[in-house]
Amino acid sequence: MYVKNQKFLIIGASKSGFAVAKYLVDNNAFCRVYEEMKSAKAIQAIDRLKTLGIENLAREQAETLIKEIDVLVLSPGVPINHELAVKAKQMGKRIMGEIEFAYDAMLPPIIAVTGTNGKTTTVTMIDEILERAGVKRELVGNVGVPITAKLNDIDRETVCVTEVSSFQLESINSFCPHISCVLNISPDHLERHYTMENYIYLKKRIFKNQKESEYCVLNFNDQTVKNFYTECKAKIIWVSIKGKVDGAYLDGGKLYYNNEYVLDAAELMLAGEHNVQNALFAIACAKLLGINTTEIASALKGFKGVKHRVEFVAEKYGVEYYNDSKATNTASTIVALDCMKKPTVLILGGSEKGEDYNLLFEKIKSSLVKRVIICGASRFSMLEAAKNNGVENLTLTDDFFVAIKIAKLVSCEGDAVLLSPACASYDCFNGFEDRGNAFINAVGEL
């Protein structure tokens, strides 16, 4: 796509929207932006756009401009059924997301990783392996840096290690990674996608354009993901933590790739089967790129994890505090509970995502959780699920910081306090990072 010959309207002034706008301005293209949110974060983004000479359009201006544009670019937070997107579609305009825009602009080799949980850990593992092997690469996508923001640093020899969300997959058309990965599927973002069937459909879009010359790495142990192979043209590579497969697998406590030993599971610094699985996906991607096994093993042995994912914060008065703010759905919190080795005070709650919390509280009953503190907008829905499952040792508060203080009061020496909300953060914070940092700061002040 030759951007100088196209007119663009961007909906959403987020990191992704700003990155697209900057790229277009830098390349002398026609570009306008519409941001309808009035939050402090949105106002800050609009102010950043002004530094590029771009004013935020009023709704009426955006509606009028749709008649003139060639391309409508949606930020990840804007649904594909947004009124302006529907109007543009009816007029025969091209609609694309930021990740598709970046792909069209550069066409580099892409490793694209999606799934409900484990995406950030997996792409970060892959990135560290490639760094150790001396491969030119960029860690981009939903992990925090839009691909478009790196366009001037990327060429066709740069491997783009890309975390891809269901929001981003909504708007792809020609996006085609060299290697796609689907880690797992469990309920998430149903407030936007409405049904599990639609959520699963969106996850499958990651390989929709792949051909026989590309690779798709699938979780053999997740029945939903396993069934994807029937719809994928790319060569299937399997990952399994339950025995030998054609690909990467765990067998007898050791990690292998097609019968080649890589390292012992005990040598990984991160605990839990889920992290073994993440490592296997990273191994598969690295081997498909021809990375030496010794370099793969060395990088994985030194990998310490990612921020906000069962992250040790501090020990206060004999109590260990862990930040798992990245757990924005119940499946992620359930995995975090399996990592805890001490009596645990669990802090839950945030903004609703359309999930059923009954499985979570069923898990809590059989875990090391000694008390549950529920805060935020989801507290009454969670309370109902707790009652349904006979979980009684709990406390409700509407205030996140009060929840932390209560956790301090009810915990004893030898306990752990775990923030693992099982919800999004937008009732009180700008994102899970903001919530996690607030937790870290509050623990520091105890």
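Residues numbered from 1 in each chain as written. Predicted model: local features only at pLDDT ≥ 70, side-chain atom pairs only at ≥ 80, totals over all residues. Heavy atoms only, no water.

1. Points about the packing of helix α16 (residues 400–410) against helix α17 (residues 432–444)
What counts, and what does not: Under this scheme, a helix contributes an axis fitted over its contacting stretch, all axes are lines through C-alpha atoms, and angles between N-to-C directions fall in the 0 to 180 degree range. Only DSSP runs of H or I covering at least 4 residues are called helices, and only runs of E covering at least 2 are called strands; the numbering of each starts at the N terminus. Throughout this description, any angle smaller than 35 degrees is read as roughly parallel, any larger than 145 degrees as roughly antiparallel, any in the 65 to 115 degree range as roughly perpendicular, and the remainder as oblique. The hand of a helix crossing depends on one turn: near helix anticlockwise from the far one by less than a right angle means left-handed, and clockwise means right-handed. When checking whether two residues touch, look at their non-hydrogen atoms; a contact exists if any pair is within 4.5 Å. Each residue gets one label: Ala, Val, Leu, Ile, Met, Phe, Trp, Tyr, Cys and Pro are nonpolar, Asp, Glu, Lys and Arg are charged, and the others, such as Gly, are polar.
Interaxial distance between α16 and α17 falls to 11 Å at its minimum, and their mutual angle equals 40 degrees. Considered as vectors, α16 and α17 are oriented oblique to each other. Classified by chirality, the crossing of α17 by α16 is right-handed. Residues Phe400, Phe401 and Ile404 of α16 lie in contact with α17, whose contacting residues are Arg435, Ala438, Phe439 and Ala442. The class makeup of the residues in the contact of α16 with α17 is six nonpolar, no polar and one charged.

2. Observations concerning helix α4 (residues 83–90)
Quick reminder of the rule: Each residue is placed in one exposure class: buried if its accessible area under a 1.4 Å probe, protein chains only, is under 20% of its type's maximum, exposed if it is over 50%, and partly exposed if it falls in between. Arc definition: it is the arc formed by the directions from the helix axis to the C-beta atoms.
Looking only at α4, the buried set comprises Leu84, Ala85 and Ala88. Around the axis of α4, the buried residues are gathered within 100 degrees of arc, so they sit on the same side. Exposed residues on α4 whose side chains face more than 90 degrees from its buried face are Glu83, Lys89 and Gln90. Among the structural elements, β1 (7–11), β2 (30–34), α3 (59–65), β3 (71–74) and β4 (94–97) are those in contact with the buried residues of α4.

3. What to know about the pattern of salt bridges
Keep this limit in mind: A pair is scored as a salt bridge if a Lys or Arg side-chain nitrogen falls within 4 Å of a carboxyl oxygen belonging to Asp or Glu.
As enumerated under the stated definition, the model contains 19 salt bridges in all. Across the pair Glu267 and Lys301 runs a salt bridge, and its minimum N-O distance is 3.1 Å. Here Lys301 lies in helix α12 (residues 293–301) and Glu267 lies in the loop between β13 (260–264) and α11 (273–288), a separation of 34 residues in the sequence. The exposure class of Glu267 is partly exposed, given its relative accessible area of 30%. A salt bridge links Arg309 to Asp324, with the shortest nitrogen-to-oxygen separation between them at 2.3 Å. Taken as a pair, Arg309 in the loop between α12 and β14 (311–316) and Asp324 in the loop between β15 (319–323) and α13 (330–339) lie far apart in primary sequence, 15 residues in all. Given a relative accessible area of 0%, Asp324 falls into the buried group. Look at the salt bridges and you will find they share partners, linking Glu36, Arg59, Glu63 and Glu83 into a network.

4. Comments concerning the packing of aromatic side chains
Quick reminder of the rule: Centres within 6.5 Å are what make two rings of Phe, Tyr or Trp a pair, Trp counting through its six-membered ring; a difference in plane orientation under 30 degrees is then read as stacked, over 60 as edge-to-face, and the rest as tilted.
Counted under the stated rule, the structure contains 12 aromatic pairs. On the basis of an interplanar angle of 70 degrees and a centroid distance of 6.0 Å, the ring pair of Tyr256 and Tyr261 is categorised as edge-to-face. Ring plane angle 65 degrees and centroid distance 6.3 Å describe the contact between Phe401 and Phe429, whose orientation is recorded as edge-to-face. With Phe401 in helix α16 and Phe429 in the loop between β19 (416–419) and α17, this residue pair connects regions lying 28 residues apart in the sequence. Since its relative accessible area comes to 39%, Phe401 is described here as partly exposed.

5. Some points on the sheet that holds strand β6 (residues 137–141)
The pairing of strands in a sheet comes from backbone hydrogen bonds and takes either a parallel or an antiparallel form. Quick reminder of the rule: Whether two strands pair comes down to DSSP finding at least two bridges between them.
Ordered by their spatial adjacency, nine strands build an open sheet running β6-β7-β5-β8-β9-β10-β11-β12-β13, and the pairing between neighbours is mixed. Each edge of the open sheet carries a strand with a single partner, namely β6 and β13. Pairwise comparison of adjacent strand axes, ignoring direction, gives a mean angle of 20 degrees for this sheet. Taken strand by strand, helix α6 (residues 119–132) contacts β5 (110–114), β6 and β7 (159–163), and its axis lies near 165 degrees from that of β7. Where α11 meets the sheet, its contacts fall on β5, β8 (179–182), β9 (215–219), β10 (235–240), β11 (247–251), β12 (254–257) and β13, and the angle it forms with β12 comes to roughly 30 degrees.

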